[in-house]
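Spelled out, the chains give:
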Amino acid sequence: MSQISGAMPPQQFSPMDIGPAPEQEFAGFGRIFSILRQHRLLMCAVTGGTFLLGAAAITTLKPYYESNAEIAIGARGMISPSELSPYADRALDLVALNTQIDILKSPIIALMVTQRLHLADSPEYIKALSPSFVSQLKKKFGLQKDGPPLTQQQRNELVSNLLMGKVHISNDGRSAIIGITARSAGPDLAPAIANGYVKAYLDFEQQAKIQAARNASVLLEEQIAPLRQRSIQAEQELSRYRQEHNLYLLGDDSGGDSGRTARIALPATPNDLHLTQMNHELGEAEANLASKQAIYNEAASSGNVGTITAITASPLIQSLRLQQTQINARISTLASTALEQNPELVAARAQAARIDAQIATESQKLLQNLRYEADAAQQRVNALKERTNALQMNVTEEEHADIRLRQLVGEATAAQTLYRDYLSRLGQVSAETTIQQAEARLITPANQPLGPAGPPKKQYGVLLFLISLGLGAGAALLRDRSRSSLRTLAELEQQTRLFGLGALPRFRGSLREQLTSGDSLYGRMLNSMRAILTFGNPSIRTKITVITSAENNEGKTTLAISLAASIGALGKRALLIDCDAHRPSVLLALDLKAHEDGFVHDALPGLDIFVASQTGEPGVLNFGALGEFLAKHRDEYDQIIIDTPPILSFPEAGVLASFAEGVIIAVKWHHTSASAVIETQRILRTHHANCLGAVLTFVDIENLRPEESLRMGDYSHYRKLVSSS
């Protein structure tokens, strides 16, 4: 080192004050597409692998079949609009409709279908009830014990729970139509399940109505027994009282009039006549009250006002019933010959709905009138009783017997009337029990499907492709996000604090062709970098310059040859010294051979090449001889460039930096990390080397992103030159 110091006195350089260029952020589809193009192999691999795995899973999906049935709820009591009730078609009870939907979705319906179709014994559900592969493994290794065998009822309940997941009950919310869609693995079972649901629901509704009628019959029977006993007691009391007071009835003048029956023959006094008339009226009033109360109580308890004789006998109701029959006949005719949207059919249904609404309204009015009549009859009975009690205080002892007799007759008559009315109602309810029907009807039965309903493999394939493409793009973006290599001059300056001298593109063919071509992109970018070193800040104008890199294969030798050749092309003399004792490659790059003295004169116009001598030990450079060589030939050349081995691989390259006035670091684009460059700087600082800056090498101009082309110029119109050269 003493020889080196003596040969080349140290020089002081003021470092060039060039800060890092501000980092630019570019966003948008252009940047995304550029990233995807840069990592297209990774993207294609992830997309293809994901798609193949998903496609294999899709191909294993088994087909399934679906069948649909439709039922109309409230078919018997459907309200149709009419001229008197134009808004009756809006009377759809959504609460009641949702109740029926919940009934269809209930476990009891599913259990009924399971038992009727023997689904627990079908192959599809036998396989579903069999233990899973995991359970079999657990049992095999003793991790799970065998439970008791399932009973038939337990199997049916488990199958019904599975069935509920394969049957879809739906309603559009605008009509009383409920759709039942059943899914199965075979084409025969799906329609059987859908039709089984319809049959089970209709039977369930019918049984519910029959049970309600039976409950009403039981209630009437419970009330008839006390009424019959009361009627018998009233007759017995009347007979006993007549015998005690020696009273008899006038049977000859009754004329078949039940109202005159049981009149007592007594002396014709004013009070007697009055009392006779009052008791006659009281008996009629009580009988009338009992009848009206019986009718009203029955209607109020059953809620079915359409079967009450007093209401159905109304001329208006009969007229409306006749109109209803006629319009229903017209609807049936039109429904069999016309479409659902036929204006006449729609109008006829609307008229039928209005008539039904009018019947319901008039029935409610008549029921209200019955209540008013019962109240009026009660008030009249009370009034007559008050007047009778007042007369009893003014009559004689004989008249008391007559009054008592008439009271007994009235009570007996009322009890008999009420008893006969309840017997009549019991007969009607018993008859209705056998003709009850569900308030629903089947519209569209489920038919056997012509082909499988799914799975939609094409749609799954498209979705899988989109997902795979998204995963591939995500992997490319993530890979780009996690990279640590340098891609732009701005990144180089930001992360390493080195000045970006320029960039050299990747090229095809030989280096000699690029350097001798008059219009190559490589030459243009090289000249741009040389202009900075020649005419830039005085601190970077050096005569002896070392070209090095952090690692192998980063283009430092190509950079050294190119920079020396560009100086020689200007008519100056340049010397390139190959100091890479481990892998000398300068002459190999130009396809040349050195002479015995290590010199190659005029390897390129204005360029001489010298291969530095080594010591007796292979791979070890003779630094003393190199120092003497530089001192001897310094004044013979305008520029001396030294090519060294990578610093991180061979730290002795840092010693060569002390021979020069400046060092340029070659950084491979998209390959060299910032940490490697920083470590290179640290080693150079230990040898007091002056780092002039760095050059990006092997830049792929065709795949530059917008932010990467910043400060490299717009070379898009030169791409044809790159591909042709």
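Structural data are supplied above this passage.
Residues numbered from 1 in each chain as written. Predicted model: local features only at pLDDT ≥ 70, side-chain atom pairs only at ≥ 80, totals over all residues. Heavy atoms only, no water.

Caption draft 1: Spotlight on helix α12 (residues 315-337). An ideal rise of 1.5 Å per residue puts 33 Å on 23 residues; α12 measures up with 33 Å between its terminal C-alpha atoms. Restricting attention to buried positions, one finds in α12 the residues Ile317, Leu320, Gln324, Ile327, Ile331 and Leu334. (Helix = DSSP H or I, 4+ residues; strand = E, 2+ residues; numbered from the N terminus. Expected span 1.5 Å × (residues − 1). Buried < 20%, exposed > 50% of the residue type's maximum accessible area, 1.4 Å probe, protein only.)

Caption draft 2: Region of the structure containing the sheet that holds strand β12 (residues 691-699). A sheet is described by the order of its strands in space; here eight strands give the open sequence β5-β12-β11-β6-β10-β7-β9-β8, paired in mixed fashion. Either end of the sheet is taken by a strand with one partner, and the two such strands are β5 (500-505) and β8 (599-604). Each strand axis lies, on average, 25° off the axis of its neighbour in the sheet, ignoring direction. Bridging between strand β6 (residues 544-549) and strand β10 (residues 639-643) involves four bridges; their strand directions are parallel. Residue Ile544 lies in a different strand from β10, and its bridge partner there is Ile640. Relative to β10, helix α19 (residues 556-568) is tilted by about 170°, and along the sheet it contacts β5, β6, β7 (574-578), β8, β9 (607-611), β10, β11 (662-668) and β12. Against the sheet, helix α21 (residues 623-633) makes contact with β7, β8, β9 and β10, and its axis sits at roughly 175° relative to β7, the strand it touches most. (Pairing = 2+ DSSP bridges. Axes fitted to C-alpha atoms, helices over the stretch in contact; angles between N-to-C directions. Contact = heavy atoms within 4.5 Å.)

Caption draft 3: Quick peek at the pattern of salt bridges. One pass over the full model with this rule turns up twelve salt bridges. It is possible to trace a salt-bridge network through shared partners that takes in Arg116, Lys199 and Asp203. (Salt bridge = Lys/Arg side-chain N within 4 Å of Asp/Glu carboxyl O.)

Caption draft 4: Structural detail: the nonpolar core. Counting residues in each nonpolar core, the largest one holds 42 residues, and the members touching the most others are Leu575, Ile577, Cys579, Leu626, Ile642 and Val667. Not counting chain neighbours up to four residues away, the residues in contact with Leu626 comprise Ile577, Cys579, Leu621, Leu656 and Phe659. Formed by 32 residues, the second largest nonpolar core is a distinct cluster that contains Leu526, Ala560, Ile561 and Leu563. (Core = buried A, V, L, I, M, F, W, Y, C linked by side-chain atoms within 4.5 Å.)

Caption draft 5: Seen up close, the packing of helix α18 (residues 521-535) against α19. Close contact between α18 and α19 brings their axes to 10 Å; oriented N to C, the two are set at 75°. In terms of orientation, α18 lies roughly perpendicular with respect to α19. In this structure, α18 contributes Tyr522, Leu526, Asn527, Met529, Arg530 and Leu533 to the contact, and α19 contributes Thr558, Leu559, Ser562, Leu563, Ser566 and Ile567. Residue classes in the contact of α18 with α19 are distributed as seven nonpolar, four polar and one charged. (Parallel < 35°, antiparallel > 145°, perpendicular 65-115°, else oblique. Nonpolar A, V, L, I, M, F, W, Y, C, P; charged D, E, K, R; others polar.)

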